[in-house]
Amino acid sequence: MDYKKAGVDIEAGYRSVELMKEHIKGTMRPEVLTNIGGFSGAFSMEAFKNMEEPTLVSGTDGVGTKLKLAFLLDRHDTIGIDCVAMCVNDIACAGGEPLFFLDYIACGKNEPEKIATIVSGVAEGCKQSGAALIGGETAEMPGFYPVDEYDLAGFAVGVVDKKDLITGQDIKPGDTLIGIASSGVHSNGFSLVRKVFKMTTEALNTYYDSLGETLGEALLAPTRIYVKTLKNIKDAGVRIKGCSHITGGGFYENIPRMLPEGIRAVVKKDSYEVPPIFNMLSKDGDIAEQMMYNTFNMGIGMVLAVDPGDTETVMKAIEAAGEKAYIIGETQAGEKGVTLC
């Protein structure tokens, strides 16, 4: 008996690392001091010495049951973008610049080519956010995961000068709420999605005119990464008062997370066009509107609170970054929470 006969192929692990190195190389930053394959990743803070109070911010998350669709369709090249996005968007919400990222892949069987494909998506997400992929772990766990399945999670660290932290504490009645468009369902609510739609390759490969693509393509669309968009706003000289990443819990759970006590967000549902995938989910699943807004992002991936006088500048900065922006409401005095009207 040996380790390979027990289900763990060490040689496959070595090959996985070699295959992913080419993807990882494109994410490097000057501050990275170590090479992939070591026991840890080292990152110099030399470049941030000029900050008055350099402050580390971090985020960790996984992709969740969206992975089930990747398994069914045997599509593994974009799921890594989702993993990075879920972590770095949270860092950006605090005003931080993502510095580096580490991933964790746990699988039933290490197939080097598949692992490298997954990591190619992680590397692409890192490139989009400006973060270096400085390490990770691939754990082969036979008997714990099915041989053709895996889990994917990650961890990111960023930095922000303390004076530039976005805390929401300065939000006042009359501030403008700006929504930045999502690319679709992103990476939340898939336990409900999988109950609404048939999870078969035939169903997922069905083309819908209303979507302009197959159902699987619409659902697997990777999560938007908003790091550079928020940097564009900062570079335009605007201080964002509050920022909410619309993830699990939708509008009702996430928008209040950026609000101080005594402030209520009022969102106008007709201020933007809800993407067709959400209309399909609502209709096919007979899901009540309140539940839709309490589960999904409904086409808005981030909500910003800004001073009314900065609205035009922020809209232009978002559009210059290649994203769609909508004025979706305002803040009012009242009980902390959200009103959709």
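Because the structure is predicted, anything quoted here is derived from the model rather than measured.

Q: For the pairing of strand β10 (residues 300-306), give the residues involved together with the corresponding values.
A: Of all the seven residues making up β10, seven are buried; the element is thus mostly covered by neighbouring parts of the structure. Here strand β5 (residues 176-181) runs beside β10; their pairing, made up of six bridges, is antiparallel. Directly across from Thr-176, in β10, lies its bridge partner Val-306. Where strand β8 (residues 242-245) meets β10, four bridges bridge the pair, whose relative direction is antiparallel. Across the sheet, residue Ser-244 finds its bridge partner in β10, namely Val-303.

Q: Can you tell me about the nonpolar core, naming the residues and giving the values?
A: The tendency in soluble globular proteins is for nonpolar side chains to be buried as a group. Within the largest apolar cluster, 90 residues are counted, with the highest numbers of intra-cluster contacts made by Leu-219, Phe-251 and Ile-255. Sorting elements by how many residues they give to this core places helix α3 (residues 79-93) first, with ten residues. In this structure, Val-32, Leu-99, Phe-100 and Ala-132 belong to the second largest nonpolar core, which totals nine residues.

Q: Give me the lowdown on the pairing of strand β4 (residues 150-161), citing residues and values where you can.
A: Among the twelve residues of β4, nine are classified as buried, and the element is accordingly described as predominantly covered. Pairing between strand β1 (residues 54-62) and β4: nine bridges, direction antiparallel. Counted as the bridge partner of Ser-58 is Val-157 from β4. Pairing geometry for strand β2 (residues 97-107) and β4, over ten bridges, is antiparallel. The residue of β4 that forms the bridge with Phe-100 is Val-157.

Q: A description of empty space enclosed by the protein should follow, citing residues and the corresponding values.
A: With the rule as written, the count across this model stands at two cavities of 30 Å³ or more. Estimated volume of the largest cavity: approximately 50 Å³. Looking at the largest cavity, the residues that line it are Cys-107, Lys-109, Glu-111, Lys-114, Ile-115, Val-147, Asp-148, Glu-149 and Tyr-150. Residue classes in the lining of the largest cavity are distributed as four nonpolar, no polar and five charged. Within this model, the second largest cavity holds a volume of roughly 40 Å³. Surrounding the second largest cavity, Leu-165, Ile-166, Thr-167, Gly-168, Gln-169, Asp-170, Arg-239, Ile-240 and Lys-241 form its lining. Split into classes, the residues belonging to the lining of the second largest cavity amount to three nonpolar, three polar and three charged.

How each quantity is defined
Residues numbered from 1 in each chain as written. Predicted model: local features only at pLDDT ≥ 70, side-chain atom pairs only at ≥ 80, totals over all residues. Heavy atoms only, no water. Buried < 20%, exposed > 50% of the residue type's maximum accessible area, 1.4 Å probe, protein only. Helix = DSSP H or I, 4+ residues; strand = E, 2+ residues; numbered from the N terminus. Pairing = 2+ DSSP bridges. Core = buried A, V, L, I, M, F, W, Y, C linked by side-chain atoms within 4.5 Å. 1 Å grid on protein atoms, 1.4 Å probe; cavity = no way out; pocket = protein on both sides within 12 Å on 5 of 7 lines; lining within 4 Å. Points joined across faces, edges and corners; volume = space filled by probe spheres on them. Nonpolar A, V, L, I, M, F, W, Y, C, P; charged D, E, K, R; others polar.

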